[in-house]
Amino acid sequence: MVTSILTVMEQVVELFLMIGVGVVCSRVGMITRRGAAQLTSFLLYLVAPTLILVSLTGTDTDIGPEDLAMAFGLALLAHGLGILVSCLFFRKEPDARKRIFRFAAVYSNTGFMGIPLVQAVVGPEGVIYASIFVVVFNVVVWTHGYGLMSGGQRTGLKKLLLNPGLLALAVGLPMFFLDWHFPQVLQGPLESFSALNTPLAMVIIGCNIARVSLRGFFSDLKMLGACALRLLVVPGIFFAAVLALRPEPVLLLSCVIQASAPAAANTVLFASQFGTGGPLASKVVAVTTLFSIVTMPVFVVAAQWACGML
């Protein structure tokens, strides 16, 4: 077990070293605020969808429709539990702070932190399940999450349906079930772009962290409470629920990793868009990302132990 813990921690530390590169690049001006925003768009609209396509079309697996349906169900359960738990807290907080804390408690960094760790710990088969989790995340975040942070506004159906992750799944799933593959002239570039997901995502997170003042990081007790909800309470409840359902091991481990990831980058994006406190949102994302170097390995090892992988 000790060896497994060290292995997972080593993988998380590798991710944090990449985050450190992003911090340095931002601090020295190599990547500007505008550059980070452009890299984020490149990641969301090109790199992440290619990772989903490659995982669905380039992996030989025995995953069936019932497993994918279970993956959808578990992803919905993770977000539903997060919404229910978050509603029990922060009732006396000012409205802007309450929205940020509740949003951060519900939505994990599935794409930027979750998928890279699933890829490292579980492998390509786990990425398929992780891709399903990301699609569910995108649907829920652009409905419930958007309404929460905007104060009740609704996102358009067109924006929801044209989400890049959903489009990639719409293309990849039929190819997955029909066992179709892209020709090598396309598969090669797709694999090359998909390989950018982990380092690029970590660098972008580092750029966001670099813009947050370290002063007062740990003096806001309510913010630390929101971090505890995101990193311990919500994933802990989800883990207990998943153990009761007993899905197959790769699915269980993939979902637990996704659910235990730090606060989503959308926390900052939505807070900035709706003027609800960009600096506070950045602190929440930064602190949960920092503490996840300890909490994520704990959940990973617990899930491995529950699956009999240790």
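The model shown is predicted, which means the values in this text are computed figures rather than measured ones.

Asks: Go over the nonpolar core, please, and point to the residues and values.
Replies: In terms of nonpolar packing, the biggest core is built from 91 residues, with Leu68, Ile100, Phe101, Tyr107, Met113 and Phe238 touching the most fellow members. Among the elements that make up this core, the one with the highest residue count is helix H6 (residues 124-150) (15 residues). The contacts of Phe101, once residues within four sequence positions are left out, are Phe90, Glu93, Asp220, Lys222, Met223, Ala226, Leu280 and Val284. Membership of the second largest hydrophobic core comes to five residues, among which are Cys25, Ile31, Val203 and Cys207.

Asks: Let's hear about the packing of helix H5 (residues 110-121) against H6: which residues, and what values?
Replies: As a packed pair, H5 and H6 sit with axes 9 Å apart at the nearest point and diverge in direction by 165 degrees. If you check the angle between H5 and H6, you find them roughly antiparallel. In this structure, H5 crosses over H6, and the sense of that crossing is right-handed. From H5, Thr110, Gly111, Ile115, Val118 and Gln119 reach across to H6, where they touch Gly126, Val127, Ala130, Phe133, Val134 and Phe137. Looking at the contact of H5 with H6, its residues break down into seven nonpolar, four polar and no charged.

Asks: I'd like to hear about a nonpolar patch on the surface, residue by residue, with values.
Replies: Together, Phe42, Leu46, Phe193 and Leu196 make up a nonpolar patch on the protein surface, roughly 290 Å² of accessible area in all. Secondary-structure assignment places Phe193 in helix H9 (residues 184-194).

Asks: I'd like a rundown of the packing of helix H11 (residues 221-245) against helix H14 (residues 278-306), residues and numbers included.
Replies: Two numbers describe how H11 lies on H14: the axes approach to 9 Å, and their chain directions differ by 25 degrees. By the criterion of interaxial angle, the relationship of H11 to H14 is roughly parallel. The hand of the H11/H14 crossing is right-handed. Taking contact as the criterion, the partners of Met223, Leu224, Cys227, Arg230, Leu231, Leu232, Pro235, Gly236, Phe239 and Leu243 in H11 are, on H14, Leu280, Lys283, Val284, Val287, Thr288, Phe291, Ser292, Thr295, Phe299, Ala302, Ala303 and Ala306. Along the lines of polarity and charge, the residues of the contact of H11 with H14 split into 16 nonpolar, four polar and two charged.

Asks: Go over helix H10 (residues 197-210), please, and point to the residues and values.
Replies: Here H10 spans 20 Å end to end across 14 residues, near enough to the 20 Å set by a 1.5 Å rise per residue. Burial in H10 covers these residues: Asn197, Thr198, Leu200, Ala201, Met202, Val203, Ile204, Ile205, Gly206, Cys207, Ile209 and Ala210.

Asks: With reference to specific residues and values, describe the side chain of Ser26.
Replies: Relative to the helices and strands, Ser26 is located in helix H1 (residues 2-27). Judged by its relative accessible area of 17%, Ser26 is buried. Among all residues touching Ser26, those that are not within four sequence positions of it are Ile31, Cys207, Ala210 and Arg211.

Asks: Explain the packing of aromatic side chains residue by residue, including any values.
Replies: Following the criterion strictly, the structure yields six aromatic pairs and no others. Summarising the aromatic geometry, the rings of Phe239 and Phe299 are spaced 6.5 Å apart at their centres and angled 90 degrees between planes, so their arrangement reads as edge-to-face. Of this pair, Phe239 sits in helix H11 while Phe299 sits in helix H14; the two residues are 60 residues apart in sequence, bridging distant segments of the chain. The class for Phe299 is buried, based on a relative accessible area of 10%. These aromatic residues form a ring-pair network of at least three members: Phe89, Phe90 and Phe101.

Parameters at a glance
Residues numbered from 1 in each chain as written. Predicted model: local features only at pLDDT ≥ 70, side-chain atom pairs only at ≥ 80, totals over all residues. Heavy atoms only, no water. Core = buried A, V, L, I, M, F, W, Y, C linked by side-chain atoms within 4.5 Å. Buried < 20%, exposed > 50% of the residue type's maximum accessible area, 1.4 Å probe, protein only. Helix = DSSP H or I, 4+ residues; strand = E, 2+ residues; numbered from the N terminus. Contact = heavy atoms within 4.5 Å. Axes fitted to C-alpha atoms, helices over the stretch in contact; angles between N-to-C directions. Parallel < 35°, antiparallel > 145°, perpendicular 65-115°, else oblique. Left-handed = near helix turned anticlockwise from the far one by under 90°. Nonpolar A, V, L, I, M, F, W, Y, C, P; charged D, E, K, R; others polar. Patch = residues over 30% accessible without salt bridge, like charges linked within 9 Å, V, L, I, M, F, W, Y side chains within 5 Å. Areas by Shrake-Rupley, 256 points an atom, 1.4 Å probe, with all protein chains shown as cover. Salt bridge = Lys/Arg side-chain N within 4 Å of Asp/Glu carboxyl O. Expected span 1.5 Å × (residues − 1). Phe/Tyr/Trp six-rings, centres within 6.5 Å; stacked < 30°, edge-to-face > 60°.

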